[in-house]
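# Coordinates in review
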Amino acid sequence: MESASGGASQKPNSSEGPSSGAGASATATASASQGQGSSSPHTAPPSRYESQKRRDWNTFLQYLRNHKPPLTLARCSGAHVIEFLKYLDQFGKTKVHITGCPYFGHPNPPAPCACPLKQAWGSLDALIGRLRAAYEENGGRPESNPFGARAVRIYLREVREGQAKARGIPYEKKKRKRSTVTVSSVSSGGGGGAASVASGSGGGDGGDNTTTDGGDAGSVSLTSTTTNVTTTTTTL
């Protein structure tokens, strides 16, 4: 009886390997599916720019509602945008000296003065850029965008120039980098004449230097830039 029971007990032991392997694979599959569920992409939080743009847009809509008489977005024009920018000056933190102030044009005044605080030109310029994008993102047409009106651009330019004089801090435009242009060289002529062309840069600031070595027959030099193409042919 013990031998029979022992033999019978050995058979289940022989089948434990596959059953345990199946259980392990099932556990691995469950853990993998759980890992995939936990690694599912979440909605990324809005960037700092997007958050600021949303706040600016809500502030402008609130300004329209509080306007007397109340304004709708469809009736908003460039003049209303300029009024909004002037309204924001009361919350500014930039000292802008008036003409009669002894520190007018002084970048670092040695003492405080009674000149008003206003919004800096850079802040207003960035604000208009965000509101211009928000207007079109909320269904507005680009051609009727009040934040891109010519009057708004003129106002911002006047603010920039006025604050540059009052604060003694000029606003310089960023210089564009000039791109280097690849210049091709062409050699031709029956007697082996050659033309070598130096590389040039776009922008038309100076001509390219072309040197031609001697040859028995005629040679052709080709100089190409982004702005002009000059072809010179010499016949002997």
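The structure reproduced in this document is the subject of the present report. (Residues numbered from 1 in each chain as written. Predicted model: local features only at pLDDT ≥ 70, side-chain atom pairs only at ≥ 80, totals over all residues. Heavy atoms only, no water.)

## As for helix α4 (residues 78-88)
How we decide: Residue burial is assigned from relative accessible area. The probe radius is 1.4 Å, only protein chains are included, and a residue is buried under 20% of its type maximum, exposed over 50%, and partly exposed in between. Secondary structure elements follow DSSP: runs of H or I of four or more residues count as helices, runs of E of two or more count as strands, with numbering from the N terminus. Working rule for contacts: check all heavy atoms of both residues, and any pair within 4.5 Å makes them a contact.
Those residues of α4 that fall on the buried side of the exposure criterion are G78, H80, V81, I82, F84, L85 and L88. Buried residues in α4 make contact with α3 (48-66), α5 (121-137) and α6 (150-167).

## Describing the nonpolar core
Our working rule: In this text, buried Ala, Val, Leu, Ile, Met, Phe, Trp, Tyr and Cys residues form a nonpolar core when linked through side-chain atoms within 4.5 Å.
F60, F84, L85, I128, L131, F147 and L156 are the most contacted members of the largest nonpolar core, which totals 23 residues. Only α3, α4, α5 and α6 provide two or more residues apiece to this core. At seven residues, α5 tops the list of elements feeding residues into this core. Excluding residues within four positions of it along the chain, F60 makes contact with L73, C76, F84, L131 and F147.

## Re the environment of V96
Structurally, V96 can be placed in the loop between β1 (94-95) and β2 (117-118). Judged by its relative accessible area of 9%, V96 falls in the buried class. With 23 residues separating them along the chain, V96 and Q119 place their C-alpha atoms 9.0 Å apart. Not counting the four nearest positions on each side in its chain, V96 is found in contact with C115, P116, K118, Q163 and A166.

## Considerations on the side chain of R130
Mapped onto the fold, R130 is located in helix α5. In this view, R130 contacts Y49, Q52, K53 and D56; residues no more than four positions away in its chain are not counted.

## Considering the pattern of salt bridges
For the record, the criterion: The rule for a salt bridge is simple: a side-chain nitrogen of Lys or Arg has to be within 4 Å of a carboxyl oxygen of Asp or Glu.
Scanning the model with the defined rule gives four salt bridges in all. Via salt bridges that share partners, E50, K53 and E137 belong to a single interconnected network.

## Section: the environment of L127
Summarising the element assignment, L127 is placed in helix α5. Between the C-alpha atoms of L127 and F147, which are 20 residues apart in sequence, the distance is 9.7 Å. With near-sequence residues (within four places) excluded, L127 lies in contact with D56, F84, L85 and L88.

## Examining the packing of aromatic side chains
Put simply, the rule reads: For Phe, Tyr and Trp, rings pair up if their centres lie within 6.5 Å, where Trp contributes its six-membered ring, and each pair is then called stacked (planes under 30 degrees apart), edge-to-face (over 60) or tilted (otherwise).
Within the structure shown, the criterion is met by nine aromatic pairs. Relative to F147, the ring of Y135 has its centre 6.2 Å away and its plane inclined at 65°; by these criteria the two rings are edge-to-face. With Y135 in helix α5 and F147 in the loop between α5 and α6, this residue pair connects regions lying twelve residues apart in the sequence. In terms of burial, Y135 and F147 fall into one category: buried. By way of ring pairs, the aromatic residues W57, F60, Y63, F84, Y87, F91, Y135 and F147 are connected into one cluster.

## Details of the packing of α3 against α4
Just so we agree on the cut-off: Helix axes use the C-alpha atoms of the stretch in contact, all axes being lines fitted to C-alpha atoms, and the angles between their N-to-C directions lie in the range 0 to 180 degrees. The scheme is simple: roughly parallel for angles under 35 degrees, roughly antiparallel for over 145, roughly perpendicular for 65 to 115, oblique for anything else. Ten residues, namely Ala, Val, Leu, Ile, Met, Phe, Trp, Tyr, Cys and Pro, are considered nonpolar, four, namely Asp, Glu, Lys and Arg, are considered charged, and the remaining ones, Gly among them, are considered polar.
The geometry of α3 relative to α4 is characterised by a closest axis approach of 11 Å and an angle of 105° between their N-to-C directions. Between α3 and α4, the interaxial angle falls into the category roughly perpendicular. Across the interface between the two elements, T59, F60 and Y63 of α3 pack against H80, E83, F84 and Y87 of α4. When grouped by side-chain class, the residues that make up the contact of α3 with α4 number four nonpolar, two polar and one charged.

## Considering the side chain of D56
Along the polypeptide, D56 turns up in helix α3. Beyond its immediate sequence surroundings of up to four residues, D56 is in contact with L127, R130 and L131.

## Things to note about unusual backbone geometry
Of note, the amide linkage connecting K68 to P69 takes the cis form, showing an omega dihedral of -5°. When you line up the elements, P69 lands in the loop between α3 and α4.

## Here's the deal with a positive patch on the surface
The following threshold applies: Exposure above 30% relative accessible area and no salt bridge define the residues that can form patches, which grow by joining like charges within 9 Å and nonpolar side chains of Val, Leu, Ile, Met, Phe, Trp and Tyr within 5 Å. Only the protein chains shown count as cover for residues, and the accessible areas themselves come from Shrake-Rupley with a 1.4 Å probe. His residues and chain termini do not enter the charge count, which takes Lys and Arg as positive and Asp and Glu as negative. Just so you know, the charge point we use is NZ for Lys, CZ for Arg, CG for Asp and CD for Glu.
There is a patch of like positive charges on the surface, built from R132, R150, R153 and R157. The leading source of residues in the positive patch is α6, at three residues. Following the sequence through the fold, R153 ends up in helix α6. Residue R153 is classed as partly exposed on the basis of its relative accessible area, which comes to 46%.

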